[in-house]
Amino acid sequence: MAENQDGQEKSHDPTSKRLNDARKKGQVPRSRELNTAALTLVGVATMMLMGGHFGSGFQAQFRQHLALRRADVFDPHALLAHLVTAIQDALLMLAPFFAVMMVVAIAASVALGGFNLSIEAMQPKFSKLDPIKGLKRIFGPKGLMELLKSLAKFLLVSLVTAWVLWAWRDDILGLGSHDPGQALVEGLSLVGWAALLIASTMILMAIIDVPFQLWQHKKELKMTLQEVRDEMKETEGRPEVRGRIRQLQREMAQRRMMQEVPKADVIVTNPTHYAVALRYDPERMRAPLLIAKGKDLVAAQIREIGDAHAIPIIEAPVLARAIYFHTELNETIPAQLFLAVAQLLAYVFQLRAWREEGGEPPQPPEDFPVPEDFRHD
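Keep in mind that this is a model prediction, so the values were computed, not measured. (Residues numbered from 1 in each chain as written. Predicted model: local features only at pLDDT ≥ 70, side-chain atom pairs only at ≥ 80, totals over all residues. Heavy atoms only, no water.)

> What should I look at first to understand the pattern of salt bridges in this one?
Working definition: two side chains of opposite charge can pair if their charged atoms are close together. Considering all chains together, one arrives at four salt bridges under this definition. Taking the shortest distance from any N to any O, the salt bridge between Lys-263 and Glu-260 comes out at 3.4 Å. For Lys-263, a relative accessible area of 46% translates into the label partly exposed. A relative accessible area of 26% means that Glu-260 is categorised as partly exposed. Put simply, Arg-352 and Asp-265 hold a salt bridge, and the shortest N to O gap is 3.5 Å. With Arg-352 in helix α15 (residues 338-357) and Asp-265 in the loop between α12 (239-260) and β1 (266-269), the pair connects residues that are 87 residues apart, well separated along the chain. Asp-265 gets classed as buried once you look at its relative accessible area, which sits at 13%. (Salt bridge = Lys/Arg side-chain N within 4 Å of Asp/Glu carboxyl O. Buried < 20%, exposed > 50% of the residue type's maximum accessible area, 1.4 Å probe, protein only. Helix = DSSP H or I, 4+ residues; strand = E, 2+ residues; numbered from the N terminus.)

Structure below.
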């Protein structure tokens, strides 16, 4: 198990912050074998597919620029013009091949680890010029692994090359019995197929190297328990600070809630343990809105504010508890409580009219119809 300088084991997987910081520094998994395999295979395959195009193009180049007039031989400007034209034609002919190889090179590079442009990784680091650290990199575990991979590639390519030469020995020796033109065509075909088979061995190296690079990258970024704790403190703050912040947030939310109580149309109580304040505007609300709720001391504060602003306070224990437990602040009451709250508001509006106009005082409902699954006795 890897350890840090303090001797602690790096047994914890890297956090998302650790991975993001590593990407900013340019530390992402990369596989040289994947790049080599992709470039070699696609390059050989493209050459074989476009071989006819290249052959015709080079023949045209030879006919045009090697068959010079006598006057051009003695004219430096004419020779220079032939050279420039030949280079332009060759580049134009090879442009599709270069474009394919460029796309493959970029795709193979970002296939593992994704696209990552790190300014920090581009900055010069004089520590890399330290010969001691350089020797440690060369003779360290990573350098040893690179040496083993190179030896494995050399051995694998050598074995496949030897097998191809042995398997196709009759075809290779038979080229001498053909005329030069036919021998050239068949020889190029043999070379192309042999190169494709040998390049295919790189696939095996890539299949082994890609998981290894992912594992090694994750291993290098593993964290100790103390590093995880320090990161949590850095990103989220110390527990006592977080607790104080949550306390202040609760106090601010409670103050805002208490400022809404004077706008209530009615306060429903337990009568002492719970209190909820409701507001209802028939023209703008589809259902009554819960603007404040609390229990014990908070409930007492809600009742005090209600008394100070002459808000009707109705004792309905079952309904008060149902609204308290099943409705969040600034949300409308559930549909299951519509009937009970409608009876409550009807009584409140009758009470308000009686206070303004006088007459016979309204009688409160004996009970409010609260569904059984909404009761909290």
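Text resumes after the structure shown.
> Got a minute to help me understand the sheet that holds strand β2 (residues 274-279) in this structure?
Adjacent strands of a sheet pair through backbone hydrogen bonds, lying either parallel or antiparallel. Taken together, four strands build an open sheet; the order of strands is β3-β2-β1-β4 and the sheet is mixed. Pairing within the sheet leaves two strands with one partner each, and these edge strands are β3 (289-295) and β4 (313-315). Put simply, the sheet's adjacent strands are angled 20° from each other on average, direction ignored. Sheet strands in contact with helix α13 (residues 297-308) are β1, β2, β3 and β4, and its direction is about 125° off that of β3. Contacts from helix α14 (residues 317-326) reach β1, β2, β3 and β4, with the element oriented near 75° to β2. (Pairing = 2+ DSSP bridges. Axes fitted to C-alpha atoms, helices over the stretch in contact; angles between N-to-C directions. Contact = heavy atoms within 4.5 Å.)

> Please clarify how the pairing of β2 should be interpreted in this entry.
Most of β2 is tucked away, with five of its six residues classed as buried. Both β1 and β2 contribute to a ladder of four bridges, which runs antiparallel. Each residue of the ladder has a partner; that of Val-266, found in β2, is Leu-278. Between the end of β1 and the start of β2, which pair antiparallel, lie four residues. Pairing geometry for β2 and β3, over six bridges, is antiparallel. Its bridge partner being in β3, Val-276 is matched across the sheet by Lys-293.

> Sorry if this is basic, but what is going on with the packing of aromatic side chains here?
To describe a pair of aromatic rings, one takes the distance between the centres and the angle between the planes. Tallying each qualifying case throughout the model produces five aromatic pairs. Put simply, the rings of Tyr-274, Tyr-324 and Phe-325 pair up and form one aromatic cluster. The ring of Trp-166 has Arg-169 lying over it, and the distance from NZ or CZ to the ring centre is 3.9 Å. Of note, Lys-293 hangs over the ring of Tyr-324, and the distance from its end group to the ring centre comes to 4.9 Å. (Phe/Tyr/Trp six-rings, centres within 6.5 Å; stacked < 30°, edge-to-face > 60°. Lys NZ or Arg CZ within 6 Å of the ring centre and 35° of its normal.)

> Mind showing me how you'd approach helix α8 (residues 141-167) here?
Helical geometry note: an α-helix holds 3.6 residues per turn, so side chains three or four residues apart project in the same direction. Spanning 27 residues, α8 covers 39 Å between terminal C-alpha atoms, matching the ideal 39 Å at 1.5 Å per step. Residues of α8 that are buried: Gly-143, Lys-149, Val-160 and Val-164. (Expected span 1.5 Å × (residues − 1).)

> For this particular structure, what's the right way to read unusual backbone geometry?
Phi angles above zero are rare outside glycine, and Asp-296 is one such case at about 55°. Note that Asp-296 resides in the loop between β3 and α13. Not every positive phi belongs to a glycine, and Asn-330 is a case in point at roughly 60°. Mapped onto the elements, Asn-330 comes out in the loop between α14 and α15. The class for Asn-330 is exposed, based on a relative accessible area of 57%.

Spatial relationships are all this shows, so hold off on functional conclusions.
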